[in-house]
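# Structural overview for review
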Amino acid sequence: MEYAFREIEEKWQKRWKEERIYQVSNDSDKPKCYVLDMFPYPSGAGLHVGHPLGYIASDIYARYKRLQGFNVLHPMGFDAFGLPAEQYAIETGQHPAVTTEKNIEAFKKQMDNIGFCFDWSREVRTSDPRYYRWTQWIFLELFHSWYNREASKAEPISTLVNIFETQGNQAHPCPGEASLRFSSGEWLAFGENKRQKILMNYRLCYCGIGEVNWCEALGTVLANDEVVNGVSERGGYPVVKKKLRQWYLRITEYADRLLEGLGTVDFSEAMKEMQSNWIGRSSGADIEFKIKKPGSADALPLTVYTTRPDTVFGVDFMVLAPEHALVSEIKSPGQAAAVEDYVAYVQSRSERERIAEKKISGCFTGAYAIHPFSGKQIPVWISEYVLAGYGTGAIMAVPCGDERDHKFARHFNIPITNIIGDAYNGHEANPSKDVRLQNSDFLNGLPMAEAIEVVIRKLETEGTGLRKVNYKMRDAAFSRQRYWGEPFPIRWEEGIAYPLNEDRLPLELPYVETYKPGPEGEGPLANIPEWTAQHLETNTMPGYAGSSWYFLRYMDPGNDQVFASRKATDYWNQVDMYIGGTEHAVGHLLYSRMWTKVLSDLGYIGFDEPYKKLVNQGMIQGSSRFVYAFNFKLQPEIPVTFDHPVFVSFDVCRKYENDDPGLFKFILSRIGELSGLDPEKDFSTIGVIPLHVDIGLVSGNELDKEAFRRSNPKYAGAVFVSETDQYICGSEVEKMSKSKYNVVNPDDIVSRYGADTFRMYEMFLGPLEQSKPWDTKGIEGVHRFLKKLWRLFFPDGSLVVNDDAPTEGELRILHKTIKKVKEDTEKLSFNTAVSQFMICVNELTALKCHKKKVLEPLLILLTPYAPHVTEELWHLLKGAGSVLNASYPGYAEKYLQEATFTYPVAINGKTRTEMTFSADALQTDMEAEVLADNVVQKWIDGKQVKKMIVVKGRMINVVV
Ligand code: ANZ
């Protein structure tokens, strides 16, 4: 019997499905293990070989855990709402629900082809009303909750109302409007409208006014990645900022807990760093300066945020963000026009440009601030390098300690105060805190790091400042003016948002015929009279809504009473192993961590971090191929035509790498021969342009010229210029993508080599976390390995496995493999495990081992990696049962210890001594050691050694 992988794989995939072998129960005495993949967005392009990398890894791990005796939850679903489906709908008129369904079916087929052990009975789709009913429900929970900073947790908004009724808001400053203060009496006197507005400023999901990218020409709001350099990606129309009603997630309230939580989870250091940089916690002080209002005796308070209060005596100027509310009040009449011009200039610039560009610009306001300690007058400037949305939108500038301030001072000739003596060289700022202060009044002589505390305490006692913590993270925008997303269960009445009753959920997305945006930048839902008649919210939720909690739904997907029963979430608890790409490092991971904390605070689940361990797989890159088009034009007066596209082989291009004239001469001489044109005279413009060529038309680096000509009518008459008969393509490693014609479809690989080979090969490519290029060539080796494994059972067509007792050597090989594969699988080092399998099968083949007692455990070990072939062989051996339910073999230490042998060592045939070597010692090492031995040296006695005979496991003889 041959290794007929196609029949074997098809047979088992069908049988496993019929027997529901992957169905998992929530009722089990076994310990649980939850292995999760980041679920895919079902795009129309389908999967390429890069996508399954993480899925194969999680699949191996899940199967391994099952063999280890765990009840393993390994589900899959689809992140099915989102922009691309809507974009496609706009372009083709097909409803997103229809294309999404079609794409999901295609994805599932591709996944099933690879033999994943997903429990499809638990599949979730975020666009399914049975699912998004609960997304809407969680939204309502967020809407009905506030963050109690004293208790450091979310609570129902009713508790806040109770507090307001009895104490006002003194103890709970308003996160949405810090200056808001009211007593209980005032609260009780407020009308409904005012109360609701106040509560909105506390809610964990709230509505406010935000800036969006507005494209007048397209009549729509665009997502950030639909805007490129200030114009729409589609059509290139201008995009401006527009203020629109937006929903937000008050994630900033969770900043500290999101940081602390990182200490309790097993994520890579790089991932933790990305998250904490995004949160961007910094601590320092708010310091109040006074600004003299020009032409009046009044002084206005100007609060700045600084992380370096220690440098307060080094302040040489103040800078406000141009948008700062004080700017219009403080500008002097003489500077007013300049200030207005500058503000207009800054309005034309995006925040990204303001941060990225190192341009120095600014304008003096004509006003002066008064130093809180020295009373010194300090000029107040505005500049784009100070951002309105961070800290207080104003800074005290210390040129000797901060480089941006330093450049600014130099540019505008502002005198620089030195507070760090020799540590400041006059050319650049020194941000070190490891210096003793000078020129700094009561701080003189103090190391800066210590001075920070001294200043903060003094500010606080004098009432001119406060200790302050700031975060870079902003509240997350939670709405889009688009169709294909979850509707908000919100109804508007006289400017107040009222939640729908739970019994109205799911609020289903209405069917539409067109996806045109609504009026004034509203979403397409604003075009539906039945919708607007009910005053329903016309925004929809963003892509990350459904993915913020999907891992919980898998635990109890059919439940129509709650999002998941407490029993189910208590049982499955945290995800034990989460595998996915780094592109979700800050978005999805932070949002789902926050939602988990909220649900935990409100008592719905018993844990507040969703993912115990996270592993990020690398990317599989494409290996692109290029042809080099010779781009030429004939002189207008030439009577002959030559309308063949010309392609130059890579070897020719390389030969003339730095010699364009030489290259052109060579090409022209070739096509001159073909065309009868005069290479010296007949051409006007020339050049060589690399073009991506479909990798399906290339074998290795050689282009299939005929296939290339057939691939496009434009190329039918293509002429190839090369040194030999072959046309050689150039190559480059790039992202795998359709536009680069370098996509490899897993279906093709599976049908050629089988799913087991494909799975093992993807793992064999290299460490999971690393990015690496796909190379179909290497797959043969892995395929040969599986054939070799097959021959251990069927060396010459018939099954020869016997019940003989294994030898010590065979057991050594087996147990070494068990240990290595187990440890490697446990730490997701799959490439090294695959190597070990190869070594093992090679060694057993050399020993002609066909023993059941060795091969059976080997099959179990290999099952997670190559489930189909192992299931087939298991059946042939056992007749019944499934290898998927076998139990993982253990190893015995005694077979792992290095075997040694003590050799009699003879000189010219006479045994003179004994030496011990390990069984797998290399012959060259043994020879060197023998020659270095004292006794051997004595018997050689300076004579020349002619040769040394080493008979492994028997004797050594030195001939002199
Ligand atoms: C004085 C000073 C002296 C500063 C010194 C730095 C070094 P983090 O929080 O780590 O980013 N800053 C404050 N608000 C700003 C804004 N809205 N736009 C631009 N810059 C702003 O750093 C906070 C520091 O960045 C603050 O401390 C302030 O400059 C500046 F030797 O104040 B510092």
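See above for the structure.
Residues numbered from 1 in each chain as written. Predicted model: local features only at pLDDT ≥ 70, side-chain atom pairs only at ≥ 80, totals over all residues. Heavy atoms only, no water.

## Some thoughts on the overall build of the chain
Secondary structure summary: the chain contains 32 helices and 33 strands in total. Dimensions of the chain, computed from C-alpha atoms along their principal axes, come out at roughly 110 × 85 × 80 Å. Sorting the 960 residues of the chain into buried and exposed places 52% on the buried side. Across the chain, contacts joining residues at least 24 apart in sequence account for 71% of those joining residues at least 6 apart. With 110 positive and 127 negative side-chain charges, the chain shows a separation of 4 Å between the mean positions of the two kinds. (Helix = DSSP H or I, 4+ residues; strand = E, 2+ residues; numbered from the N terminus. Buried < 20%, exposed > 50% of the residue type's maximum accessible area, 1.4 Å probe, protein only. Contact = heavy atoms within 4.5 Å. Lys, Arg positive; Asp, Glu negative; His and termini not counted. Charge placed at Lys NZ, Arg CZ, Asp CG, Glu CD.)

## Things to note about the sheet that holds strand β9 (residues 240–249)
Read across the open sheet, the 4 strands follow the order β6-β5-β9-β17; overall the sheet is antiparallel. Unpaired on one side and paired on the other, β6 (220–222) and β17 (476–477) mark the two borders of the sheet. In the sheet, strand β5 (residues 205–215) pairs with β9 via 10 bridges, with the strands oriented antiparallel. Bridging across to β9, Asn213 finds its partner in Lys241. (Pairing = 2+ DSSP bridges.)

## Regarding the pairing of strand β18 (residues 490–493)
Judged by which residues are buried, β18 turns out to be one-sided: Ile490 and Trp492 face inward and are buried, whereas Arg491 and Glu493, on the alternate face, are not. As paired strands, β18 and strand β19 (residues 496–499) are joined by 4 bridges and run antiparallel to one another. Among the inter-strand pairings, Ile490 is bridged to a residue of β19, identified as Pro499. Here β18 folds back onto β19, and the loop between the two strands holds 2 residues, one of which, Glu494, carries a positive phi near 45 degrees.

## Focus on the pairing of strand β22 (residues 620–634)
Of all 15 residues in β22, 11 are buried, a share of seventy percent or more. Where β22 meets strand β29 (residues 772–773), 2 bridges bridge the pair, whose relative direction is parallel. By the bridge assignment for β29, Ile620 is matched with Lys772. Pairing of β22 with strand β28 (residues 730–734), which is carried by 5 bridges, proceeds in the antiparallel orientation. Looking at β28, one finds that Arg625 is bridged to Ser731. Note: β22 against strand β24 (residues 683–693), 9 bridges, orientation antiparallel. Bridge pairing links Phe626 to His692 in β24. Relative to strand β23 (residues 646–648), β22 is paired through 3 bridges, and the arrangement is antiparallel. Looking across to β23, one finds that Tyr628 is bridged to Val648.

## Some thoughts on a nonpolar patch on the surface
Taken together, Met1, Leu799 and Leu876 make up a surface patch of nonpolar side chains, about 240 Å² in accessible area. Looking at the secondary structure, you find Met1 in the segment before α1 (5–18). (Patch = residues over 30% accessible without salt bridge, like charges linked within 9 Å, V, L, I, M, F, W, Y side chains within 5 Å. Areas by Shrake-Rupley, 256 points an atom, 1.4 Å probe, with all protein chains shown as cover. Salt bridge = Lys/Arg side-chain N within 4 Å of Asp/Glu carboxyl O.)

## Here's the deal with the packing of helix α27 (residues 808–826) against helix α29 (residues 852–862)
Two elements in contact, α27 and α29, have axes separated by 10 Å at closest approach and are oriented at 10 degrees. One finds that α27 runs roughly parallel with respect to α29. As α27 runs across α29, the sense of the crossing is left-handed. For the pair α27 and α29, contact is made by Glu810, Leu814, Thr817, Ile818 and Val821 and by Lys853, Val854, Pro857, Leu858 and Leu861, respectively. By residue class, the composition of the contact of α27 with α29 is 7 nonpolar, 1 polar and 2 charged. (Axes fitted to C-alpha atoms, helices over the stretch in contact; angles between N-to-C directions. Parallel < 35°, antiparallel > 145°, perpendicular 65-115°, else oblique. Left-handed = near helix turned anticlockwise from the far one by under 90°. Nonpolar A, V, L, I, M, F, W, Y, C, P; charged D, E, K, R; others polar.)

## A few points about the packing of aromatic side chains
Scanning all chains against the criterion turns up 77 aromatic pairs. Measuring from centroid to centroid gives 3.7 Å for Phe39 and Tyr550, while their planes differ by 10 degrees, and the two rings are stacked. Of this pair, Phe39 sits in the loop between β1 (32–37) and α2 (52–67) while Tyr550 sits in helix α18 (residues 550–553), and the two are 511 residues apart along the sequence. We classify Phe39 as buried; its relative accessible area is 9%. Ring plane angle 70 degrees and centroid distance 5.9 Å describe the contact between Trp134 and Trp137, whose orientation is recorded as edge-to-face. Of the two residues, Trp134 and Trp137 both sit in helix α5 (residues 129–143), 3 residues apart, roughly one turn of that helix. (Phe/Tyr/Trp six-rings, centres within 6.5 Å; stacked < 30°, edge-to-face > 60°.)

## Describing helix α30 (residues 867–878)
Here α30 contains 12 residues, and its C-alpha end-to-end distance of 16 Å stays within 8% of the 16 Å for a straight helix at 1.5 Å per residue. Of all the positions in α30, only Pro867, His868, Val869, Thr870, Glu871, Glu872, Leu873, Trp874 and Leu877 are classed as buried. In this fold, the buried residues of α30 make contact with α1, α2, α25 (755–764), α26 (779–793) and α29. Positive phi shows up at Gly879, right after α30, with a value of about 80 degrees. (Expected span 1.5 Å × (residues − 1).)

## What about the pattern of salt bridges?
This model, assessed by the stated rule, comprises 43 salt bridges. With its nearest N and O atoms 3.9 Å apart, the salt bridge here joins Lys242 to Glu520. Taken as a pair, Lys242 in strand β9 and Glu520 in the loop between β19 and α16 (529–533) lie far apart in primary sequence, 278 residues in all. Residue Glu520 is classed as exposed on the basis of its relative accessible area, which comes to 60%. Residues joined in a network through salt bridges with shared partners are Arg257, Arg593, Lys597, Asp601, Asp608 and Glu609.

## Description of the site of the ligand
Around the ligand sit 17 residues, and of these Ser282, Thr306, Leu387, Tyr390 and Lys472 come closest. One of the side-chain N or O atoms of Ser282 is found 2.7 Å from an oxygen atom in the ligand. Thr306 has a polar side-chain atom sitting 2.7 Å from an oxygen atom of the ligand. Starting from 640 Å² of accessible surface for the ligand in isolation, the protein chains cover 87%. Taken together, the elements giving at least two residues each to the shell around the ligand come down to β11 (299–306) and β15 (394–397). Tallied by class, the residues present in the shell around the ligand amount to 8 nonpolar, 5 polar and 4 charged. (Near = heavy atom within 4 Å. Polar contact = N/O pair within 3.5 Å; in protein donor to acceptor, adjacent residues only side chain to side chain.)

## Side note on the sheet that holds strand β32 (residues 947–951)
The strand order β31-β30-β33-β32 describes an open sheet built from 4 strands, whose pairing is mixed. Edge positions in the sheet fall to β31 (910–918) and β32, since each of these pairs with one other strand and no more. Direction aside, neighbouring strands of the sheet carry axes that sit 20 degrees apart on average. Relative to β31, strand β30 (residues 900–907) is paired through 8 bridges, and the arrangement is antiparallel. The partner of Thr900 across the bridge, within β31, is Ser918.

## Quick notes on the environment of Val801
Tracing the backbone shows Val801 in the loop between α26 and α27. Non-local contacts of Val801, meaning those with residues more than four positions away in its chain, are made with Phe793, His850, Lys851, Lys852, Leu855 and Leu877.

## Concerning the nonpolar core
With 161 residues, the main nonpolar core has Trp247 and Phe478 as its most contacted residues. Considering every element that reaches this core, the biggest residue donor is α2, with 9 residues. Setting aside residues no more than four positions away along its own chain, Phe478 makes contact with Phe139, Cys205, Trp247, Tyr248, Leu249, Phe488, Thr540, Met541, Pro542, Tyr544, Ala545 and Trp595. Ranked by size, the runner-up nonpolar core spans 41 residues in total, among them Ile291, Leu300, Tyr342 and Val398. (Core = buried A, V, L, I, M, F, W, Y, C linked by side-chain atoms within 4.5 Å.)

## Some points on the packing of helix α28 (residues 830–846) against α29
The N-to-C vectors of α28 and α29 enclose an angle of 160 degrees; their axes lie 12 Å apart at closest approach. By the criterion of interaxial angle, the relationship of α28 to α29 is roughly antiparallel. At the point where α28 passes α29, the crossing takes the left-handed sense. Every residue of α29 that contacts α28 at Phe837, Cys840, Val841 and Leu844 is listed here: Val854, Leu855, Leu858, Leu861 and Leu862. Taken together, the residues of the contact of α28 with α29 sort by class into 9 nonpolar, no polar and no charged.

## Details of unusual backbone geometry
The omega torsion across Leu505 and Pro506 is -5 degrees, close enough to zero to call that bond cis. Tracing the sequence through the fold places Pro506 in the loop between β19 and α16. Backbone geometry at Asp441 places phi at a positive 55 degrees, although glycine is not the residue there. By the element assignment, Asp441 lies in the loop between α14 (403–411) and α15 (448–462). In this structure, His535 is a non-glycine residue whose phi angle is positive, near 60 degrees. Residue placement: His535 occurs in the loop between α16 and α17 (544–547).

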